[in-house]
Amino acid sequence: GSAAAEEPRHLQPSQSTESNAEHDARSLQAAALRGKPGVLFWHFSGAGGTSLVSWLAHSLGLHPPADTVGPNANWATDAKVTTGYPSMIGSKIGLDHAPRSRRHDCQEIDAAIARGEGNMFGFETPAMAPLACKNAVIWLTMRDPIERIISRLYKSTRGDKSSDTPLDSIGGEAAVLRALDKTTWFHSTAHTVGTRSTGGKPLAGKPTWSPNGTLRYGQHRRALGMDTLGSASLNNVYTRSLLGPASFLRPLDDLRVADLDAAKVVLGGFDVVIPMWAMETLPFLLGLPVHVLAPTVSVHGSHSMASKASVSPELAVKLAKHNQLDEKLYAHAIELHRARLRERARLLWPPGKVQTRPAPTGGGRKPPPVATATGAGRGPTALELCPADEFADALGVLSALLPRAVSRGGGLEALTARYVGRFGSAVCPAAHASAGWPRSTRSSRLLLNMAEGTSGTRTVNCWLEAAQLRTAHFPLTATELTPKSATAPGRLHQCTRGAGANSCTGQYDLYDYVSDVPAPQVAQLLLQTHSASQLAAVLTLRDPWEWTMSRTNSHSQHNASEDRSLIDDHSFVSVPCGCPWRPADRSEADRTRMTGRSPSRYKVEAYSRLGKETGVLVDTFESPGCAEPTSLARHTTAALDLLTHNAWTYCVASRRRVPLFAANLAEDMFLMEHVPGSNDTRKLLSKTPSTRPRETESLYRELLSFVGKTSGRKDKRQPEKIRADGSACW
């Protein structure tokens, strides 16, 4: 989902002989293509299309006819020259003569499929692409409109990643700015847009157009594609293309809301509409077997010329202004995809029915038993708080911020089935005053980081502490842990059962922002006790397998793995509706560890010194039927449970329409939802260096903006101070 995704790399499916025998290419095609024998792919360059074409060929066994052109299976009627770039785009849509009024039809494609010549057709001129075919489904991938435009303008056209970009061919950023001020066609004004340089020296000769639509500079030439035609390529190109060639040629900013509505209708008629960031959900969406892996795209900036681009604030503002319809269309495409994904999940796990698809549990553990408590005293189950279809949706959304994690975990269907079978019947504690969790009375929002530590929580805590928020990064902020016998009954971090300031709710409400243990375990209790106007959620994410390794190596006391669960409050990972942990006091455990005793004697002394009822969460809540937290000693299970808990907490918060900011600091990607006073059309954001002057400024500033909008606090620091604080924390 990052704008740095310039060179998609195909992730090959596992070569399982048994799977290949059971599901041959023909059966996979029948499932994926809904019974039709072929696929027509609308290809907007820079939206993951090359990756999808490769996946269609390698995973589903589809193949283009012999006369297709280039690596993207471009249909011969749409691509007249080599290299995969439709150089005659200008002529095909009518720039050189009277505008075309209609698209191509699908007769040739249907006939070619019927003759068995091929079953995969790409179309890199979407404004001319057919809207319906008898023998082919129609697929479309989309990417944030502004990110896609920037990536196309700044993408190198040469393998050495030099500064030879499409932007150079049209006269640089100045030409783009002019095209956003007045209707411009670059091909018709090529002789006035300046010269292209190589090695710092201008090329000889005047730029001219050859008969086949190629821009020439003396002995050099360049083909202008769909992304460098002129104003239409920079101004709501999605909406224009969906409406056809006549609409594509309309003047700058000539499209209206009625055109957007018409484009949404066209989009709804396609068989697959998928955002580029959601590629990992594609096998699940199509109903393919779990062994079929998803297409993936690279998200690392080192592979992207666009990630190194320097975009002026003026251009960034103008692109946003002139692509508002496309931003709304893209948001509609995201919602369309998510709705179809939830519908698919409901077919597998019907709401309200007994689950009959239990997932295997690691280590021979059984799913938690259904609680015996009934009536008002029983808390909600994990599935009641987050049904299977909405969990699958949440996992799909978070896949944008956790590249390849869903695929590594077995895919969306396997992970959802695992959640249902392993945690679905687990019972969460009920929040009420007698248990120490009364309704909050705060008038401003509490910022709650629902994620585990070791995911960037210290950095975020530092950022917000510098912004003058009262922060609590547990467990360092918490009262020192002592044996229960040394405290008043039921006390924990000065938190007592009952209502008032000393209740658990009241103690958390002393802060503006809380994170790390035990915040993830009590996240759903805080979501119960706080309304959407009293709480905003933060979710710092990290690759689950990297997190488990780092957490184990950096935060655990590991004299012996069998002792770890007894003495360390960092040795578990939270799970949906998890039971309270029972860790020991770290200072006492450290003191015991340094004596050099053997692990067996160490275990005995840990018990005798501290007792079984000591720890951060012992008296925080009780819940019959809760799920056992997962030990970090079980590396793979812990990674999968971290991913599950992240998706589950995101789902619970989203269902309550709590403002939410989720971010992967390592990948520099983030998303926001339900932010008050904001345009909710951009729910998924993934900024890259192409749109900011410093490496972490975009994510950092967006987080501060999120805090300001949700808390009502105004940051009074000067811009220089804000930047300095951000760099110091990072």
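Residues numbered from 1 in each chain as written. Predicted model: local features only at pLDDT ≥ 70, side-chain atom pairs only at ≥ 80, totals over all residues. Heavy atoms only, no water.

Structural notes on the sheet that holds strand β1 (residues 38–42)
What the 4 strands build is an open sheet, ordered β2-β1-β3-β9; its pairing is parallel. Each of the sheet's edge strands pairs with one partner strand only, and the pair in question is β2 (120–123) and β9 (272–275). Within this sheet the neighbouring strands show an average axis-to-axis angle of 20°, counted without direction. In this sheet, β2 lies alongside β1 in parallel orientation, the contact comprising 4 bridges. Pairing of Phe41 across the sheet is with Gly122, part of β2. Contacting β1, β2 and β3 (136–142), helix α3 (residues 49–60) runs over the sheet at an angle of about 145° to β3. Running at roughly 115° to β9, helix α15 (residues 324–348) makes contact with β3 and β9 of the sheet. (Pairing = 2+ DSSP bridges. Helix = DSSP H or I, 4+ residues; strand = E, 2+ residues; numbered from the N terminus. Axes fitted to C-alpha atoms, helices over the stretch in contact; angles between N-to-C directions. Contact = heavy atoms within 4.5 Å.)

A word on the pattern of salt bridges
Applying the stated criterion to the full structure yields 18 salt bridges. Notably, a salt bridge pairs Lys318 with Asp181, separated by 2.5 Å at the nearest N-O pair. Taken together, the positions of Lys318 in helix α14 (residues 313–321) and Asp181 in the loop between α8 (173–179) and β4 (197–198) put the pair 137 residues apart, joining distant regions of the chain. The class of Asp181 is exposed, set by a relative accessible area of 54%. Of the charged contacts, one joins Lys721 and Asp725 as a salt bridge, the two residues approaching to 3.3 Å between their closest N and O atoms. A residue pair is termed a helical-turn pair when its members lie 3 or 4 positions apart in one helix, as Lys721 and Asp725 do in helix α29 (residues 719–729) at 4 residues. Relative accessible area serves as the criterion here: at 45%, Lys721 is assigned to the partly exposed category. (Salt bridge = Lys/Arg side-chain N within 4 Å of Asp/Glu carboxyl O. Buried < 20%, exposed > 50% of the residue type's maximum accessible area, 1.4 Å probe, protein only.)

Structural notes on the nonpolar core
Residues Trp55, Trp139 and Trp648 are the most contacted members of the largest nonpolar core, which totals 125 residues. Leaving out residues up to four positions away in the same chain, Trp648 has contacts with Ala382, Leu385, Cys386, Phe391, Tyr419, Cys428, Gln524, Pro576 and Cys577. Ranked by size, the runner-up nonpolar core spans 23 residues in total, among them Trp463, Tyr513, Phe661 and Cys729. (Core = buried A, V, L, I, M, F, W, Y, C linked by side-chain atoms within 4.5 Å.)

Some thoughts on the environment of Leu383
Its place among the elements puts Leu383 in helix α16 (residues 382–385). In the structure, Leu383 is positioned 42 residues away from Ser425 in sequence and 6.8 Å away in space, judged by C-alpha atoms.

Re the pairing of β3
Most of β3 sits inside the fold, with 7 of its 7 residues counted as buried. Here β3 shows two buried faces, one formed by Ala136, Ile138, Leu140 and Met142 and the other by Val137, Trp139 and Thr141. In this structure, β3 lies alongside β9, joined through 4 bridges in parallel fashion. Of the residues in β9, the one forming a bridge with Trp139 is Val272.

As for the packing of aromatic side chains
Under the counting rule described, the total for this entry stands at 9 aromatic pairs. Centre to centre, the rings of Trp75 and Phe123 are 5.5 Å apart; their planes meet at 55°, and the pair counts as tilted. With Trp75 in the loop between α3 and α4 (89–93) and Phe123 in strand β2, the pair connects residues that are 48 residues apart, well separated along the chain. With relative accessibility at 5%, the residue Trp75 sits in the buried group. (Phe/Tyr/Trp six-rings, centres within 6.5 Å; stacked < 30°, edge-to-face > 60°.)

Overview of α14
For α14, the full list of buried residues reads Leu315, Lys318 and Leu319. Looking straight down α14, one finds its buried side chains confined to an arc of 100°; they lie on one side. When the buried face of α14 is taken as reference, the exposed residues oriented beyond 90 degrees from it are Pro313, Val317 and Lys321. Where the residues of α14 are buried, they touch α6 (145–153), α8 and α9 (231–234). (Arc of directions from axis to C-beta.)

Some words on the state of the cysteines
All chains considered together, the criterion is met by 5 disulfides. Two residues share a disulfide in this structure: Cys106 and Cys133, whose sulfurs sit 1.7 Å from each other. Classification of the bridge connecting Cys106 and Cys133 rests on its S-S torsion, roughly 75°, and on that basis the disulfide is right-handed. Of this pair, Cys106 sits in the loop between α4 and α5 (107–114) while Cys133 sits in the loop between β2 and β3; the two residues are 27 residues apart in sequence, bridging distant segments of the chain. Residue Cys133 is classed as buried on the basis of its relative accessible area, which comes to 9%. Here Cys386 engages in a disulfide with Cys651; their sulfurs sit 2.2 Å apart. (Disulfide = S-S within 2.5 Å.)

Examining the pairing of β1
For β1, the buried fraction is high: 5 of the 5 residues fall into the buried class. Both faces of β1 are covered, namely the face carrying Gly38, Leu40 and Trp42 and the face carrying Val39 and Phe41. By the bridge criterion, 5 bridges tie β1 to β3 in an arrangement that is parallel. Bridge pairing in β3 places Phe41 opposite Trp139.

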